[in-house]
Amino acid sequence: MNDPENWGFATLGIRAAELRSGEREHSPAIHLTSSFVFENAAQAAAVFAGTEPGNVYSRFTNPTVRAFEQRLAAMEGGDSCVATASGMSAILATFMSLLRAGDHIVASQTLFGTTINLCNNILAKFGVETTFVAPDDLQAWRSALRPNTKILFVETPNNPLTDLADIRALADIAHDAKALLIVDNCFLTPVLQQPLKLGADIVIHSATKYLDGQGRCMGGAVVGDAERIGRDVFGFMRTAGPSMSPFNAWVFLKGLETLSLRMRAHCASAHRLALWLREQPAIAHVYYPGLPDHPQHALAQRQHGRLGDDADAPVAYGGIVSFEVKGGREAAWRVIDATKMLSITANLGDTRTTITHPATTTHGRVPAEARARAGIKDNLIRLAVGLENVEDICADLATGLNAEAAAWPRG
Ligand SMILES: *Cc1c(COP(=O)(O)O)cnc(C)c1O
């Protein structure tokens, strides 16, 4: 039987929570309205009181936004999803809903730079402390636990060094301590990794990245159980208002339709690019979980999805490849500036390959010693591999890399 419970990711991305109004449109409608009208005063009172279902105001419910939320929840295997204005507001909404003054977070020290700043500069002001640990050091996670630890927070693979964390092991550590494990699943998306199935309690997304997939809209989402997400995070959203716009929700809905196809293509190209980069004399090190010498290559093989539907299809290792050039910041900047096609920008998850110098952009506001602890050196370059032909990406990078190699010894 063709039961939606058994649909694959490509089908879920296209068919889950299909939105159709009385007009019988095929592509979902954008319900671009701030409020909703009622037949009469009594119906308005009933919907406001929650005794009759219905939309009131787009700060908290909107049909296009709800279709996106339900489709993403189906793909992640969660009961509830709340869409937000950005990935950062998804993280903020989760923390504000689940924490109070005096609580403690243990987080990976290699998180997205702004997430680290959110913990250190904003949560700290409200009496929530964060301890940062190496994502792959399970003993460090255990040692950092305190009686008031409520949340363990991790990204895997992380940005920009592609370290992995063992979701199942961290879920066990969290649950032994009566804490929750939250996974930022931005880099693999539900197509290639479903943290809830591995024991995590909550999944966070920056929809801005792969869910959109073409670098157009800002958005975020929180996925998990009905109580914490459907009630608590939704309640925060309703009151505090970092809501997703219906227009953006429509863009993300359309993005989900091609997510499965795109993720596999990003990963296949990134793997080929990583192998090519490793052969370049001007490069000192390549970070990519698909390389056999990556410290968590075996974990990636267990934890990640595959490039095809067959059980023996190659493992997907993600669309992000980072590398260190020989030399320092100047050499890295020369290699970046020599590209003509790649986009010099900090976004990722786009059809267009982007090239970034993390130490002076995405992680530029992280204090230098925290950056060093996270292993982000001045000669590091991050590539978020797009959907162009890989040969053209290599050719564009080759200009700067070959010039570096030819200039040795640089006097
Ligand atoms: C971009 C990003 C975020 C923040 O999302 P925004 O949509 O930019 O607010 C959070 N986590 C990760 C891993 C990201 O890459």
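Student: Would you take a moment to explain the packing of aromatic side chains for this structure?
Tutor: The description of an aromatic ring pair uses the distance of the two centres, along with the angle that the planes make with each other. Enumeration according to the criterion identifies 6 aromatic pairs in this entry. When the ring centre of Phe112 is taken as origin, the NZ or CZ atom of Lys209, which lies over that ring, is 4.9 Å away. The ring centre of Trp333 lies 3.8 Å from the NZ or CZ of Arg329, which sits over that ring.

Student: How should I be thinking about the site of the ligand in this particular structure?
Tutor: Looking at the ligand, there are 13 residues lining it, with Met88, Asp184, Ser206, Thr208 and Lys209 nearest. Take Met88: an N or O atom from its main chain is 2.8 Å from an oxygen atom of the ligand. Grouping the constituent residues of the shell around the ligand by class yields 5 nonpolar, 5 polar and 3 charged.

Student: Can you walk me through the nonpolar core in this structure?
Tutor: Burial of nonpolar side chains together is a common tendency in soluble globular proteins. Formed by 37 residues in total, the largest nonpolar core has its most connected members in Phe68, Leu72 and Leu259. Elements with a minimum of two residues in this core: helix H3 (63-76), strand E1 (80-84), helix H8 (189-192), strand E7 (220-224) and helix H10 (246-278). Looking at this core element by element, the count peaks at 8 residues for H10. No fewer than three residues from each of domain 1 (8-256) and domain 2 (259-405) sit in this core. Counting residues in each nonpolar core, the second largest holds 31 residues, with Leu164, Tyr288, Val325 and Cys394 among its members.

Student: Even after reading the chapter, I still don't get helix H5 (residues 113-122), so can you show me in this structure?
Tutor: Residues spaced three or four apart along an α-helix point in a common direction, a consequence of the helix completing one turn every 3.6 residues. Along H5, the residues classified as buried are Gly113, Thr115, Ile116, Asn117, Leu118 and Cys119. Check the buried side of H5 and you find it contacts helix H4 (87-98), strand E3 (129-133) and strand E4 (149-155).

Student: Looking at this structure, how should I read the environment of Leu123?
Tutor: Considering the arrangement of structural elements, one finds Leu123 in the loop between H5 and E3. Taking relative accessible area as the criterion, Leu123 reaches 4% and is therefore assigned buried. In sequence terms Leu123 and Ile105 are 18 residues apart; their C-alpha atoms lie 10.0 Å from each other. In this structure Leu123 touches Phe95, Ile105, Leu118 and Val128, once residues within four positions along its chain are discounted.

Student: Before we go on, may I ask you to explain unusual backbone geometry in this structure?
Tutor: In most cases, non-glycine residues show a negative phi, while peptide bonds are predominantly trans. The residue after Thr156, namely Pro157, is reached through a cis peptide bond having omega -10°. The residue Pro157 is located in the loop between E4 and helix H7 (167-176) in this model. Of note, the bond from Asn159 into Pro160 is cis; its omega dihedral lies within 30 degrees of zero at 0°. Looking at where Pro160 falls in the secondary structure, it is placed in the loop between E4 and H7. A positive phi angle, close to 50°, is found at Ala17, a residue other than glycine. Examined against the element boundaries, Ala17 turns out to sit in the loop between helix H1 (9-15) and helix H2 (41-49). Residue Ala17 is classed as partly exposed on the basis of its relative accessible area of 25%.

Student: Looking at this structure, how should I read helix H9 (residues 226-240)?
Tutor: Maximum bend of H9: about 25°, positioned at Phe234. Along H9, the positions that sit buried rather than exposed are Ile229, Val233, Phe236 and Met237. Looking at the buried side of H9, the elements it contacts are E1, H4, strand E6 (202-206) and E7. Phi for Gly241, located one or two positions after H9, is positive at around 85°.

Student: Can you help me understand the sheet that holds strand E10 (residues 343-344) in this one?
Tutor: Within a beta sheet, neighbouring strands are joined by backbone hydrogen bonds and run either parallel or antiparallel to one another. Read across the sheet, 5 strands follow the order E8-E9-E12-E11-E10 without closing on themselves; strand pairing throughout is mixed. Either end of the sheet is taken by a strand with one partner, and the two such strands are strand E8 (283-287) and E10. With 2 bridges joining them, E10 and strand E11 (residues 354-356) adopt parallel strand pairing. Considered in E11, the bridge of Ile344 is made with Ile355. Sheet contacts for helix H14 (residues 390-406): E8, strand E9 (320-325), E11 and strand E12 (380-384); angle to E9, the most-contacted strand, approximately 15°.

Student: Even after reading the chapter, I still don't get the pattern of salt bridges, so can you show me in this structure?
Tutor: Once the charged atoms of two side chains with opposite charge are near each other, the side chains can pair. In this structure the tally under the stated criterion is 16 salt bridges. Salt-bridge contacts for Glu129 lead to Arg146; the nearest nitrogen and oxygen are separated by 3.5 Å. Separated by 17 residues along the polypeptide, Glu129 in strand E3 and Arg146 in the loop between helix H6 (138-144) and E4 bring together distant segments of the chain. The class for Glu129 is partly exposed, based on a relative accessible area of 49%. With its nearest N and O atoms 3.7 Å apart, the salt bridge here joins Glu324 to Lys377. On the criterion of sequence distance, the pair formed by Glu324 in strand E9 and Lys377 in the loop between helix H13 (368-373) and E12 is long-range, its members being 53 residues apart. Within this structure, Arg15, Glu18 and Arg20 form a network of salt bridges that share partners.

What counts as what
- All chains use their own residue numbering, which begins from 1 and follows the written sequence.
- Only residues with pLDDT of at least 70 are given local features in this predicted model, and only at 80 or more are side-chain atom pairs given and counted; all residues enter the totals for whole chains, interfaces and linings.
- The side-chain values count all of the structure's non-hydrogen atoms but skip hydrogen atoms and water molecules.
- Aromatic rings from Phe, Tyr and Trp, with only the six-membered ring used for Trp, were paired whenever their centres fell within 6.5 Å, and each pair was classed as stacked if the ring planes differed by under 30 degrees, edge-to-face if by over 60, and tilted otherwise.
- For a lysine, the NZ atom is tested; for an arginine, the CZ atom; a charge sits over a ring if that atom is within 6 Å of the ring centre and within 35 degrees of the ring normal.
- We call a residue near a molecule or strand whenever a single non-hydrogen atom of that residue lies within 4 Å of it.
- Definition of a polar contact: a pair of N or O atoms within 3.5 Å, with one able to donate and the other able to accept a hydrogen when the atoms are protein atoms, and with sequence-neighbouring residues admitted only if both atoms are side-chain atoms.
- Polarity classes work like this: nonpolar for Ala, Val, Leu, Ile, Met, Phe, Trp, Tyr, Cys and Pro, charged for Asp, Glu, Lys and Arg, and polar for all others, with Gly in that last group.
- What is meant by a nonpolar core is a set of buried Ala, Val, Leu, Ile, Met, Phe, Trp, Tyr and Cys residues, joined one to another through side-chain atoms within 4.5 Å.
- In this scheme, a residue with accessible area under 20% of its type's maximum is buried, one over 50% is exposed, and one in between is partly exposed, where area comes from a 1.4 Å probe on protein chains only.
- Here a strand is any run of E in DSSP of at least two residues, a helix any run of H or I of at least four, and the numbering for each starts at the N terminus.
- For the domains described, the bounds stem from an automatic or database domain assignment.
- The contact rule is simple, with two residues in contact once any of their heavy atoms fall within 4.5 Å.
- Bend, at a single residue, is the angle you get between axes fitted to the 7 residues ending at that residue and the 7 residues starting at it.
- Only when DSSP finds a minimum of two bridges between them are two strands counted as paired.
- Between N-to-C directions, angles cover 0 to 180 degrees, with each direction set by a line fitted to C-alpha atoms, over the stretch in contact for helices.
- Every case where a carboxyl oxygen of Asp or Glu lies within 4 Å of a side-chain nitrogen of Lys or Arg is listed as a salt bridge.

Coordinates in, geometry out; function isn't part of it.
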